[in-house]
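Inside the fold
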Amino acid sequence: MNAVLIREIFDPFTAAHICSIPIPKAKVGDKLVWTLTAHGNYTSQSFQKLLYECSGESSYLNDNSFPWRKFWGIKKLPPKVHMFIWRVLHNGLGTLHKLGRIIDGIPVECQLCGNNEETIDHLLTHCQFAKAVLFGSPLNFRGLADPSSTTKQCILSWLDAHDDGYSVCLGACLLWAIWKARNKLHFDNIKPHIPSVINDAVHWFTMYYFAEEDAGNSALDIVVNNYAQSTWCTPPEGTVKINVDAAVGLNKTSAAAVARTHDGQFVAASTKISEYFHPLVAEAKGFLLGLQLARSIQRHIIIEGDCLNVVNVLNNVSSFTPWRIRYLVEDIIHLARHFSSVNYKFVKRGANDAAHNLASYALEHNVQQEWTSSQIPACISSCISAELVNH
């Protein structure tokens, strides 16, 4: 890529986006994709959904004060968060203000700020703690112009945003995380930490919002998941097993790979930090990192991960390759040709603890590094020892 020429021709914003486009090392032709489906092909169902999301509220609904059809039509929201927001809209939370009307003498002040009575609107919209969470999150929500606005009006503004449900899904997860933090303070006396509350909300948001809708669990996937190993096992003699995983943060992702021999001895490890990507892309980057780590080993390789979608694609049992990871899959296939044998295996999270812990550590501390057999990463040394003993 001639980055200098690109920056001369285009404005800085456009040039930066062009230069950020990943270019696979393998020769892959360009392809037009329909971004509303996981496989990148147009479907009438996805187009109908787009039209439905852009359409107004029908006039025959009994309650025209709130777009309930649009609200219940949200498919990228955790079910428990969906029901929580329904309770918020119906004033169904057990706030101290409501309890104070029933029980005399109990304090009704907001425990998060101590400035006002704890009503739903104060707790989730006007409390200084809630404002800090909403503003400090990727939503960067500063509140509505009217200082007396309600939580319902905030939710309505998120619903009306034309951003494929991003605002309402992230906003709902943030409100739910604030309520959870309030409950931990009220019942367990655990003081809330704003970054932790935001991370909790972002975790649930990314888990559901970026899920591939048309890559649902088939009967085969369910069987594979049920019988996948749940504890780490040593590979056959003469084979190196590399566990891989990814972690997703607010504006960056990490990938990690941990290699061990047939007798459970640590061989090498690696982490890599990238700008924010779709979680599926981050997982695929983990598999690519595992193969890159294996180049210095040159043996029979087993790569294990807890992302079934990526494993199915690499094992050619998936009906399609998601367009988001197409270039990464091509690079993985190209690199795998340099090895005697490479097997990709799906395992449950419990069998992937070392890679998971290393990816989480790398994300939190912004660590991009390689380790050799003489220097086991401190954050996973106890995990590796425990898995070797348990095996």
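Please refer to the structure higher up on the page.
Residues numbered from 1 in each chain as written. Predicted model: local features only at pLDDT ≥ 70, side-chain atom pairs only at ≥ 80, totals over all residues. Heavy atoms only, no water.

So, the overall build of the chain
Filter applied, for reference: Starting at the N terminus, helices and strands are each numbered in turn, a helix being any DSSP run of H or I of at least four residues and a strand any DSSP run of E of at least two. A simple rule labels every residue: compare its accessible area, found with a 1.4 Å probe on the protein chains alone, to the largest value its type can have, and call it buried under 20%, exposed over 50%, or partly exposed in between. In this description, contact between two residues means that some pair of their heavy atoms is separated by no more than 4.5 Å. Accessible areas in this description were obtained via Shrake-Rupley with a 1.4 Å probe; residue shielding takes into account the shown protein chains only. Asp and Glu count as negative and Lys and Arg as positive, but His and the ends of the chain are not part of the count. One atom stands in for each charge, and that atom is NZ of Lys, CZ of Arg, CG of Asp or CD of Glu.
If you tally the helices and strands in the chain, you get 17 helices and six strands. Projected onto its principal axes, the C-alpha coordinates of the chain cover approximately 70 × 50 × 50 Å. Here the chain holds 391 residues, and the buried ones make up 43% of them. Here the analysis covers contacts within the chain between residues at least 6 apart in sequence; of these, 65% occur between residues at least 24 apart. When the accessible area of the chain is evaluated, it comes to approximately 20800 Å², of which 53% is carbon and sulfur surface. With 33 positive and 34 negative side-chain charges, the chain shows a spacing of 2 Å between the two charge centroids.

Comments concerning the packing of helix α9 (residues 151–160) against helix α10 (residues 166–188)
Defined as follows: Note on method: axes are straight lines fitted to C-alpha atoms, helices fitted across the in-contact stretch only, with angles between N-to-C directions ranging 0 to 180 degrees. An angle counts as roughly parallel when it lies under 35 degrees, as roughly antiparallel when it exceeds 145, as roughly perpendicular when it falls between 65 and 115, and as oblique in every other case. For any helix crossing, the convention is left-handed if the near helix is rotated counterclockwise from the far helix by under a right angle, and right-handed if that rotation is clockwise.
Running from N to C, α9 and α10 point in directions that differ by 150 degrees, and their axes come no closer than 7 Å. Judged on the interaxial angle alone, α10 and α9 are roughly antiparallel. The hand of the α9/α10 crossing is right-handed. For the pair formed by α9 and α10, the contact residues are T151, I155, W158 and L159 on the first element and S167, V168, G171, A172 and L175 on the second.

Concerning helix α8 (residues 128–136)
We apply this condition: Directions from the helix axis toward the C-beta atoms define the arc.
Along α8, the residues that are buried comprise F129, A130, V133 and L134. Down the axis of α8, the sector holding all buried residues measures 130 degrees, keeping them to one side. Looking at the packing, one finds that the buried side of α8 touches α7 (120–126), α9, α10 and α11 (194–209).

Some remarks on the packing of helix α13 (residues 279–294) against helix α15 (residues 326–336)
Defined as follows: Amino acid classes used here: Ala, Val, Leu, Ile, Met, Phe, Trp, Tyr, Cys and Pro are nonpolar; Asp, Glu, Lys and Arg are charged; the rest, including Gly, are polar.
At a closest axis distance of 10 Å, the pairing of α13 and α15 adopts a crossing angle of 15 degrees. As judged from the angle between their axes, α13 and α15 are roughly parallel. As α13 packs across α15, the resulting crossing turns out to be left-handed. Residues V281, A284, K285, F287, L288, L291 and Q292 of α13 touch α15, and the partners they reach there are Y327, L328, D331, I332, L335 and A336. Of the residues that constitute the contact of α13 with α15, the class distribution is ten nonpolar, one polar and two charged.

Section: the environment of L89
Positionally, L89 belongs in helix α5 (residues 79–89). Taking the C-alpha atoms as reference points, L89 and T151, 62 residues apart in sequence, are found 8.0 Å from one another. In this structure L89 touches F66, W68, F71, K152 and I155, once residues within four positions along its chain are discounted.

Digging into the nonpolar core
What counts, and what does not: By convention a nonpolar core is built from buried Ala, Val, Leu, Ile, Met, Phe, Trp, Tyr and Cys residues, the set being connected through side-chain atoms within 4.5 Å.
Counting 48 residues, the largest nonpolar core has F84, I85, L124 and W158 as the members making the most contacts within it. Looking at this core, the elements with two or more residues in it are α4 (68–72), α5, α7, α8, α9, α10 and α11. Broken down by element, the residue count for this core peaks at 13 residues, all from α10. Not counting the four nearest positions on each side in its chain, L124 is found in contact with F84, V88, L93, A130, L134, T151, L175 and I178. With 36 residues, the next largest nonpolar core counts V244, A268, L289 and V342 among its residues.

Observations concerning the environment of L175
Residue position: L175 is located in helix α10. For the pair L175 and V197, spaced 22 residues apart in sequence, the C-alpha to C-alpha distance is 9.8 Å. The contact partners of L175, leaving out residues within four places of it in the chain, are F84, I85, L124, L134, T151, I155 and W158.

Overview of the side chain of H122
Checked against the element boundaries, H122 lands in helix α7. You can call H122 buried: its relative accessible area is 8%.

Quick look at the pattern of salt bridges
The condition that has to hold: When a carboxyl oxygen of Asp or Glu is within 4 Å of a side-chain nitrogen of Lys or Arg, the pair counts as a salt bridge.
Tallying each qualifying case throughout the model produces five salt bridges. In this structure, D200 engages K180 in a salt bridge whose closest nitrogen and oxygen atoms are separated by 3.2 Å. With D200 in helix α11 and K180 in helix α10, this pair connects stretches of sequence that are 20 residues apart. A salt bridge links E387 to R260; its shortest N-O distance comes to 2.7 Å. With E387 in helix α17 (residues 378–390) and R260 in strand β2 (residues 252–260), this pair connects stretches of sequence that are 127 residues apart. The pair E387 / R260 is uniform in exposure class, with both members buried.

Things to note about the pairing of strand β3 (residues 266–275)
Rule in force here: At least two bridges found by DSSP between two strands are what make those strands a pair.
Of all ten residues in β3, seven are buried; the element is thus mostly enclosed. Direction of pairing for β2 relative to β3: antiparallel, over a ladder of nine bridges. In the sheet register, R260 faces β3, and the bridge partner there is F266. Between β2 and β3, which pair antiparallel and follow one another directly, the connecting turn spans five residues, one of which, G264, has a positive phi of 80 degrees. With two bridges joining them, β3 and strand β6 (residues 370–371) adopt antiparallel strand pairing. For A269, the partnering residue across the bridge sits in β6 and is W371.

A closer look at the sheet that holds β3
An order of β5-β4-β1-β2-β3-β6 is seen for the six strands of this open sheet, with the pairing classed as mixed. Sheet topology places β5 (342–346) and β6 at the edges, where each strand pairs with a single neighbour. Along the sheet, helix α16 (residues 353–365) contacts β1 (239–248), β2, β3 and β6; its crossing angle with β2, the most-contacted strand, is approximately 140 degrees.

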